[in-house]
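Chain by chain, the residues run as shown.
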Amino acid sequence: MFSADRLDPGTRLLLDTVPAPPQTGDLLDLGCGYGPLALVLAARSPRAAVWALDVNRRALGLCERNAARSGLGNVHCVTPDDLGLPTRVAVIWSNPPLRIGKQALHELLARWLGRLTPGGCAYLVVQRHLGADSLHRWLEGEGWPVCRVAARNGYRVLRCGAAAPHPGPDRPGPAPARPGPDLSTDSTPAG
Ligand SMILES: C[S@@+](CC[C@H](N)C(=O)[O-])C[C@H]1O[C@@H](n2cnc3c(N)ncnc32)[C@H](O)[C@@H]1O
């Protein structure tokens with residue numbers, strides 16, 4: 001299980017960086033693991049449907065349990081072939097599975113970034129030494145507008161897709177640094 005004993009520093013950086021997600025619509029955590037990103041999405045956007053996607057059923061079970069413990073009824077834990085998945089998502093947050101290899105990662109990102117709504121965007125956190133800069137170049141080569149929005153301790157956060165709307169008086173600005181759901185929730189397998 002990825003980062004079973006602590007919140008991954010890359011995931012932490014993503015959470016510290018991302019602006020407030022849309023309040024409604026379909027939001028995707030690509031490679032949800034035990035659910036730290038999905039749970040924050042769901043807590044910050046309680047009227048949105050959050051799709052927590054993973055190939056690992058044990059991870060999905062943990063994510064489901066953590067969402068239930070946090071009282072977040074808007075998290076749907078699914079595998080990539082789930083028929084309920086929406087064809088369009090407004091936002092993707094992801095600490096993607098880099099270790100599946102470059103080719104598989106590119107296919108994975110092409111598949112899910114292709115579901116972004118017009119104006120939607122993805123936030124991806126990637127370690128520099130695991131290829132953040134080459135991923136940045138690849139995304140641009142695929143025609144995505146990409147911007148590095150944060151860098152810390154060897155991690156990069158890339159925004160891919162439309163730029164976040166400029167916060168105005170009637171729009172929420174970046175999410176304040178607040179804990180959201182209890183991220184100390186269970187990351188150990190049941191049983
Ligand atoms: C780096 S971990 C991130 C986990 C969690 N989001 C976090 O921040 O702690 C990447 C996750 O992607 C999942 N994964 C691997 N291949 C995948 C695929 N093809 N589709 C969806 N998820 C995948 C892994 O099982 C793993 O849980």
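For every chain, the first residue of its written sequence is number 1, and the numbers climb from 1 along that sequence. With the structure being a predicted model, the display of local features is reserved for residues of pLDDT at least 70 and the display and counting of side-chain atom pairs for 80 or more, all residues being used for whole-chain, interface and lining totals.

Peer 1: Please explain the overall build of the chain as it appears in this structure.
Peer 2: Numbering goes from the N terminus for both helices and strands, where a helix is a DSSP run of H or I of at least four residues and a strand is a run of E of at least two. The secondary structure content of the chain amounts to five helices and seven strands. In the chain, which comprises 191 residues, the share counted as buried stands at 41%. A sequence separation of at least 24 residues applies to 74% of the contacts in the chain between residues at least 6 apart. Three exposure classes are used. Buried residues have 20 or more other C-beta atoms within 10 Å of their own C-beta, exposed residues have 12 or fewer, and partly exposed residues fall in between, all C-beta atoms being placed from the backbone. Contact definition: two residues whose C-beta atoms, as placed from backbone geometry, lie within 7 Å.

Peer 1: So what exactly am I meant to see when it comes to the nonpolar core here?
Peer 2: If you look at soluble globular proteins, the nonpolar side chains tend to sit buried side by side. Definition of nonpolar core: a set of buried Ala, Val, Leu, Ile, Met, Phe, Trp, Tyr and Cys residues joined via C-beta atoms within 7 Å. One finds A38, C63 and I92 to be the most contacted residues of the largest nonpolar core, which totals 53 residues. Look past the residues within four positions of C63 in its chain and what remains in contact with it is C32, Y34, G35, A38, A52 and C77.

Peer 1: Please clarify how the environment of L130 should be interpreted in this entry.
Peer 2: In this fold, L130 is placed in the loop between β5 (116-127) and α5 (132-141). The sequence separation of L130 and R99 amounts to 31 residues, and the corresponding C-alpha distance is 8.6 Å.

Peer 1: Hey, could you run me through the site of the ligand in this one?
Peer 2: Put plainly, near means the residue's C-beta atom, positioned from the backbone, lies within 6 Å of the molecule or strand in question. Taken together, 19 residues form the shell around the ligand, and within it T11, G31, G33, N95 and P97 come nearest. Residues that form the shell around the ligand fall into these classes: eleven nonpolar, six polar and two charged. Amino acid classes used here: Ala, Val, Leu, Ile, Met, Phe, Trp, Tyr, Cys and Pro are nonpolar; Asp, Glu, Lys and Arg are charged; the rest, including Gly, are polar.

Peer 1: Is there a simple way to explain helix α4 (residues 102-113) in this structure?
Peer 2: One fewer than the residue count of a helix, multiplied by 1.5 Å, yields its expected span. Counted at 1.5 Å a residue, the expected span for α4 with its twelve residues is 16 Å, and the 16 Å between its end C-alpha atoms agrees. For α4, the set of buried residues is L109, W112 and L113. Viewed end-on, α4 has its buried residues packed into an arc of 95°, placing them on one side of the element. The outward face of α4, more than 90 degrees from its buried face, is lined by the exposed residues Q103, A104, E107 and R111. Of the surrounding secondary structure, the elements contacted by the buried residues of α4 are β1 (26-30), β4 (89-94), β5 and β7 (155-161). Taken from the helix axis, the directions to the C-beta atoms give the arc we talk about.

Peer 1: Help me out: how do you make sense of the sheet that holds β7 in this one?
Peer 2: Adjacent strands of a sheet form backbone hydrogen bonds with each other and so pair up, either parallel or antiparallel. What makes two strands pair is DSSP finding at least two bridges between them. Within the open sheet, the seven strands sit side by side as β3-β2-β1-β4-β5-β7-β6. Their pairing is mixed. Each of the sheet's edge strands pairs with one partner strand only, and the pair in question is β3 (75-78) and β6 (146-152). Averaged over all neighbouring strand pairs, the angle between strand axes comes to 15°, with direction disregarded. Pairing of β5 with β7 involves seven bridges; the strand directions are antiparallel. Across the sheet, Q127 pairs through a bridge with Y155, a residue of β7. All axes here are fitted lines through C-alpha atoms, helices being fitted over the stretch that makes contact, and every angle between N-to-C directions spans 0 to 180 degrees.

Peer 1: Looking at this structure, I do not really get the environment of T87. What am I missing?
Peer 2: Structurally, the position occupied by T87 is in the loop between β3 and β4. Expressed as a C-alpha distance, the spacing of T87 and L116, which sit 29 residues apart in the sequence, is 8.5 Å.

Peer 1: What exactly am I supposed to notice about the environment of A110 here?
Peer 2: Of note, A110 is situated in helix α4. For A110, a count of 13 C-beta atoms within 10 Å translates into the label partly exposed. Separated by 29 residues in the primary sequence, A110 and L139 place their C-alpha atoms 8.9 Å from one another.

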